[in-house]
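This is what each chain is made of:
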Amino acid sequence: MHRALELARRGAGLTSPNPMVGAVIVKGGKIIGEGWHEKFGEAHAEVNAVKKAVAPVSGATIYVTLEPCSYHGKTPACAPMLVREAFRRVVIAVRDPNPKVSGAGIEILKQNGIEVTEGIESKLARQLNQPFFKAMQVSLPYLIHKSAVTIDAFIADSQGQSKWISCEESRRTVHQLRAEADAVLVGVNTVLADDPELTVRLIQGRNPKRIIADPNCRTPFNAKMVQTASEAETFIISREKSWRHSPLKNSPLIPLLFEGEMIPWDEMLKTILQQGIQSILVEGGAILQSSLIAAGHLDRLELFISPKSIGKGHRMMQFLEKKMGEADAGIHNTWKVSGEDAHLSSTYRVY
């Protein structure tokens, strides 16, 4: 199962809105086939493992990180295929949370005399596909907040400049996070201060979709994200009345509109999920991140702490104030050395 999970990770950033899945076929005590879901819309892990098998799979055991699907979507269902191929046993890490499956695949296997074992390394399998599990369970995308801070806790100097707080190794890690996320979200102040592209350049990987939170349509028409919106799908969250009179209406930006003064994050995130976006990397700035956290939307934090000190500047959080006993705390925390920086990965919710 560990090997199947390792294979599944190869689909990171390529399978969404499908989950990452890996499969390993064992017969006579030897691995005879391996596969993973390589890309959305293409063959599932079980099918790829069968195709790559170096011996007949009849009577074999297949280890799969997620319950085999039971319905025909973009590709044929996997559970009936395992029956046709006459597998003796199927070992499953975790049930599929998709209500279209959720036990139906297992039932097909059992009804056809296949031995089923489930729950093997289920915790690791759930961790692998947290965005998928959250989308299925609560119909909201998974939010990863990313920030780089100086050792005295500033995200930018007093002039608003943040290039570069973190070292190059940390920036490569951020580009990996972008490549694995469905979309990157920034506030309009970040667009005005940095004019970012939010693409993947420091590693090999696919560019995510991009979202600008800009209630008053202050994004310049010549901003890089606007000018490249026809190449990389780019959304703008705006008030309906602001968008109605904005020159951005003539740009390739895709509007996600709301009424009122404040962005209704619960409603807006559900709308974003409907665009096929299950995971969002929130890159800034402080007001945007603070408003999302205040609204209860923090699933994971990726924090890069630089040894640099500037003494004065812009803080990471705005307008949030809690007593120490009420503080949000990560339930799984991992520290790593990232070049000159320290990298904290902190999980706040598990689905």
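Summarised in this report is the structure supplied together with it. Quick caveat: nothing in here was measured; it's all calculated off a predicted structure.

Analysis parameters
Residues numbered from 1 in each chain as written. Predicted model: local features only at pLDDT ≥ 70, side-chain atom pairs only at ≥ 80, totals over all residues. Heavy atoms only, no water. Pairing = 2+ DSSP bridges. Helix = DSSP H or I, 4+ residues; strand = E, 2+ residues; numbered from the N terminus. Axes fitted to C-alpha atoms, helices over the stretch in contact; angles between N-to-C directions. Core = buried A, V, L, I, M, F, W, Y, C linked by side-chain atoms within 4.5 Å. Buried < 20%, exposed > 50% of the residue type's maximum accessible area, 1.4 Å probe, protein only. Contact = heavy atoms within 4.5 Å. Polar contact = N/O pair within 3.5 Å; in protein donor to acceptor, adjacent residues only side chain to side chain. Salt bridge = Lys/Arg side-chain N within 4 Å of Asp/Glu carboxyl O. Arc of directions from axis to C-beta.

## Brief notes about the sheet that holds strand S5 (residues 115–118)
Here we have five strands laid out as an open sheet, ordered S2-S1-S3-S4-S5, and mixed in their pairing. Where the open sheet ends on each side, the last strands, each with one partner, are strand S2 (30–36) and S5. This sheet shows a mean twist of 15 degrees between the axes of neighbouring strands, independent of strand direction. Bridge analysis of strand S3 (residues 61–64) against strand S4 (residues 89–92) gives four bridges, and the strand direction is parallel.

## Section: the nonpolar core
Counting residues in hydrophobic clusters, the biggest one holds 58 residues, and the most contacted among them are Ile25, Phe87 and Val90. The element contributing the most residues to this core is helix H1 (residues 2–8), with four residues. The contacts of Ile25, once residues within four sequence positions are left out, are Lys30, Ile31, Ile32, Gly33, Ala49, Val50, Val57, Ala60, Thr61, Ile62 and Phe87. The next biggest cluster of nonpolar side chains, apart from the first, holds 20 residues, and it includes Leu140, Ala213, Leu269 and Ile277.

## A few points about the side chain of Ser279
Positionally, Ser279 belongs in strand S12 (residues 279–284). Residue Ser279 is classed as buried on the basis of its relative accessible area, which comes to 6%. Within the local environment of Ser279, its side chain forms a polar contact with the backbone nitrogen of Asp182, the two atoms lying 3.0 Å apart. Once residues lying within four places of it in the same chain are set aside, the contact partners of Ser279 are Pro131, Pro141, Tyr142, Glu180, Ala181, Asp182 and Ala183.

## Section: the pattern of salt bridges
Counted by the stated rule, this structure contains 15 salt bridges. The partner of Arg88 in a salt bridge is Glu115, and the shortest N-O contact between them spans 3.6 Å. One end of the pair, Arg88, is in the loop between helix H3 (78–84) and S4; the other, Glu115, is in strand S5, with 27 residues separating them in the sequence. Here the salt bridges share partners, and the residues they tie into one network are Arg3, Glu6 and Glu34.

## With respect to helix H11 (residues 265–273)
Among the residues of H11, those classed as buried are Trp265, Met268, Leu269, Ile272 and Leu273. For H11, the buried positions fall inside an angular range of 145 degrees around the axis, keeping them on one side.

## Some thoughts on the pairing of strand S10 (residues 234–239)
For S10, the tally of buried residues reaches six of six residues, placing the bulk of the element in the interior. Neither face of S10 is open: one carries Thr234, Ile236 and Ser238, the other Phe235, Ile237 and Arg239, and all of them are buried. Here strand S9 (residues 209–213) runs beside S10; their pairing, made up of four bridges, is parallel. Across the sheet, residue Ile212 finds its bridge partner in S10, namely Ile236. Across five bridges, S10 lies against strand S11 (residues 254–258) in parallel orientation.

## Considerations on the environment of Glu233
Within the element layout of this structure, Glu233 appears in the loop between helix H9 (224–227) and S10. Taking relative accessible area as the criterion, Glu233 reaches 37% and is therefore assigned partly exposed. A distance of 3.3 Å separates the side chain of Glu233 from the side chain of Lys209, its partner in a polar contact.

## Description of unusual backbone geometry
With omega at 10 degrees, the peptide bond leading from Ser16 into Pro17 counts as cis. Within the secondary structure, Pro17 is located in the loop between H1 and strand S1 (22–27). In this structure, Ala86 is a non-glycine residue whose phi angle is positive, near 60 degrees. Judged by its relative accessible area of 36%, Ala86 is partly exposed.

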